[in-house]
Amino acid sequence: MNRRGPAKGRQSLMRRLVTFGSMAVVALVALAACTDDYSPYSTLSPRSPQAEDIQGIYKLIFWMSLVVFVGVQFGIVYLAMRYRRRREEGPRPPQIHGNKTLEIVWTIIPAVVLLVIFIPSVRIMYEHADDAKTGDYVIEVYGKQWWWEVHYPFMGAPDAEGNPTDLLTANEIHVPVGQHIQIKLYSNNVIHSFYIPQLQGKMDVIPGHENRLAFTVEKPGIYYGECAEFCGDSHAWMRFQIVAHEQDQFDAWVAAQNTAPAQAAQQYGTDDATGLVTPPQEFGVCLACHRVNGTTAQFATVGLEQSAGTMSAPGDARTSGPNLGLWGCRTTIGAGMLPNTIEDLKTWLHDPGAIKTGNYMATVIKPGALTDEAIDAIANFLFSLQPEGGCPVPPEGSENLNVASTGNGS
Ligand code: CUA
């Protein structure tokens, strides 16, 4: 018999349970207060129906885990207190090792929990795979070390024979809102992973294989993406943005990419045959690796044309760098490395290797490779690449454009 009597024992047990419960509630409230709704690299703030599907599964798993956790913790605390060893030894309680009913019950419960998680997860995986078979807009994205090349099939300016070409850009993927966007993913170097937490789950980018994903952006804005698979030195600096516009702004952006940039045309002149801007002489060193929309700089290899990974010699035709079309409207340098200001661009041109570890541009452009005059000329040319009447209106949320300053998880 309990020294204090069973009623008194139950009372003190209740008191302890209430204390534990209150502490748990305080901890939960504190945690909730720390969680910011807007976090560009977080799946906790979905901005597409597809990301909401994924969050739905997270929530299901979270609440089920919470029920299991709280149940198990209360069970442990209750049993430890109720059946703790007392000063006056009572009779030994019945031993239930090998109790068949209990064994079956605690095998079935976890199996049911797993099934409840497994069925909707698999259903949504298949739904999203079906969803990615087609799209209102098809965009091809090539994982490079360490940036992203973006192709819009048949949306580029017609070539000399009048055939449609691909519109090319890099690191900023412009899309119209409300449209089903299909992304096809390719790589010819290593495996990357294409991940826009607010819009879709991760998808591997595998050499020799085409992977697909799809999403529909509901609201104009900037959505941040990153490479989510270790792919070499600057894996952490392989960032990109989805820039979602209203349809008319998106169309304006496409048209601007396909036209000779007005200011540059005036300043540097155009090619008689094509009407494209002719870059200044100082830009010559960039031509082997960079194409520039709206200009005659169209020599660099694109897509899967380059062979695997590394560059064997400076100027090797197998390398390629980002298309620099409408550079004056870009927001970052080096796939999210620096904000795109003329000062930062000059710093980059002085010594790209000091800013982005391992990048292939640095195998050619070492400190001193370009004179200050050349750097000024190149930077001025790039910033003159803006459409007539200025860049297309940036969508809402553009105050967060600088990936470099918002990308540290804060
Ligand atoms: Cu590409 Cu990590």
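So, a few notes on the structure that sits alongside this text. (Residues numbered from 1 in each chain as written. Predicted model: local features only at pLDDT ≥ 70, side-chain atom pairs only at ≥ 80, totals over all residues. Heavy atoms only, no water.)

Some details on the packing of aromatic side chains
Tallied over the full model, the rule gives 13 aromatic pairs. Measuring from centroid to centroid gives 5.9 Å for Tyr41 and Tyr224, while their planes differ by 45 degrees, and the two rings are tilted. A residue pair is termed long-range when its members are at least 10 positions apart, and Tyr41 in the loop between α1 (6-34) and α2 (49-82) and Tyr224 in strand β9 (residues 221-227) qualify at 183 residues. We note that Tyr41, like Tyr224, is buried. Residues Tyr137 and Phe250 carry aromatic rings whose centres are separated by 5.4 Å and whose planes lie at 85 degrees to one another, so their mutual orientation is edge-to-face. Separated by 113 residues along the polypeptide, Tyr137 in strand β1 (residues 137-144) and Phe250 in helix α4 (residues 247-257) bring together distant segments of the chain. Judged on exposure class, the residue Tyr137 and its partner Phe250 are both buried. A network of ring pairs unites the aromatic residues Tyr137, Tyr152, Phe250 and Trp253 as a single cluster. (Phe/Tyr/Trp six-rings, centres within 6.5 Å; stacked < 30°, edge-to-face > 60°. Helix = DSSP H or I, 4+ residues; strand = E, 2+ residues; numbered from the N terminus. Buried < 20%, exposed > 50% of the residue type's maximum accessible area, 1.4 Å probe, protein only.)

Re the pairing of strand β8 (residues 211-216)
Summarising burial for β8: five of the six residues are buried, a large majority. Here six bridges tie strand β5 (residues 180-187) to β8, and the two strands are oriented antiparallel to one another. Within the sheet, the bridge partner assigned to His180 lies in β8 and is Thr216. (Pairing = 2+ DSSP bridges.)

With respect to helix α3 (residues 100-131)
Look at α3: 46 Å from first C-alpha to last across 32 residues, which is about the 46 Å you get at 1.5 Å a residue. Within the span of α3, buried status applies to Pro120, Ser121, Ile124 and His128. Tucked into the core, α3 has its buried residues touching α2. Taking the backbone nitrogen of Thr101 as reference, a side-chain oxygen 3.0 Å away marks Asn99 as the first, capping residue of α3. (Expected span 1.5 Å × (residues − 1). Contact = heavy atoms within 4.5 Å. Polar contact = N/O pair within 3.5 Å; in protein donor to acceptor, adjacent residues only side chain to side chain.)

Thoughts on α2
In this model, α2 (34 residues) spans 49 Å end to end at C-alpha, consistent with the 50 Å of a helix rising 1.5 Å per residue. Within the span of α2, buried status applies to Gln50, Ala51, Gln55, Ile57, Met64, Val77 and Met81.

Some remarks on the sheet that holds β8
Taken together, five strands build an open sheet; the order of strands is β3-β2-β1-β5-β8 and the sheet is mixed. Pairing within the sheet leaves two strands with one partner each, and these edge strands are β3 (165-170) and β8. Taken pair by pair, the neighbouring strands of this sheet meet at an average axis angle of 30 degrees, ignoring direction. Packed onto the sheet, α4 meets β1, β2 (147-156) and β3 and runs at close to 100 degrees relative to β3. (Axes fitted to C-alpha atoms, helices over the stretch in contact; angles between N-to-C directions.)

A short note on the packing of helix α6 (residues 342-350) against helix α8 (residues 372-383)
It is the contact of α6 with α8, at a shortest axis distance of 10 Å, that shows an interaxial angle of 135 degrees. When the axes of α6 and α8 are compared, the pair comes out oblique. In terms of crossing hand, the pair formed by α6 and α8 is right-handed. Taking contact as the criterion, the partners of Ile342, Leu345, Lys346, Leu349 and His350 in α6 are, on α8, Asp372, Ile375, Asp376, Ile378, Ala379, Asn380, Leu382 and Phe383. Here the contact of α6 with α8 is composed, by residue class, of eight nonpolar, two polar and three charged. (Parallel < 35°, antiparallel > 145°, perpendicular 65-115°, else oblique. Left-handed = near helix turned anticlockwise from the far one by under 90°. Nonpolar A, V, L, I, M, F, W, Y, C, P; charged D, E, K, R; others polar.)

Details of the sheet that holds strand β7 (residues 203-205)
The strand order across the open sheet built from five strands is β4-β10-β9-β6-β7, with neighbouring strands paired in mixed fashion. Of all strands in the sheet, those with a lone pairing partner are β4 (172-176) and β7, marking the two edges. Here the average twist between neighbouring strands, direction ignored, is 25 degrees. Relative to strand β10 (residues 239-245), β4 is paired through five bridges, and the arrangement is parallel. Following the sheet pairing, Glu172 is matched in β10 by Gln241.

Digging into the pairing of strand β6 (residues 192-195)
Where burial is concerned, the two faces of β6 agree: the one with His192 and Phe194 and the one with Ser193 and Tyr195 are both buried. Looking at chain direction, β6 and β7 are connected through three bridges and run antiparallel. When the sheet's bridge partners are listed, His192 is paired in β7 with Val205.

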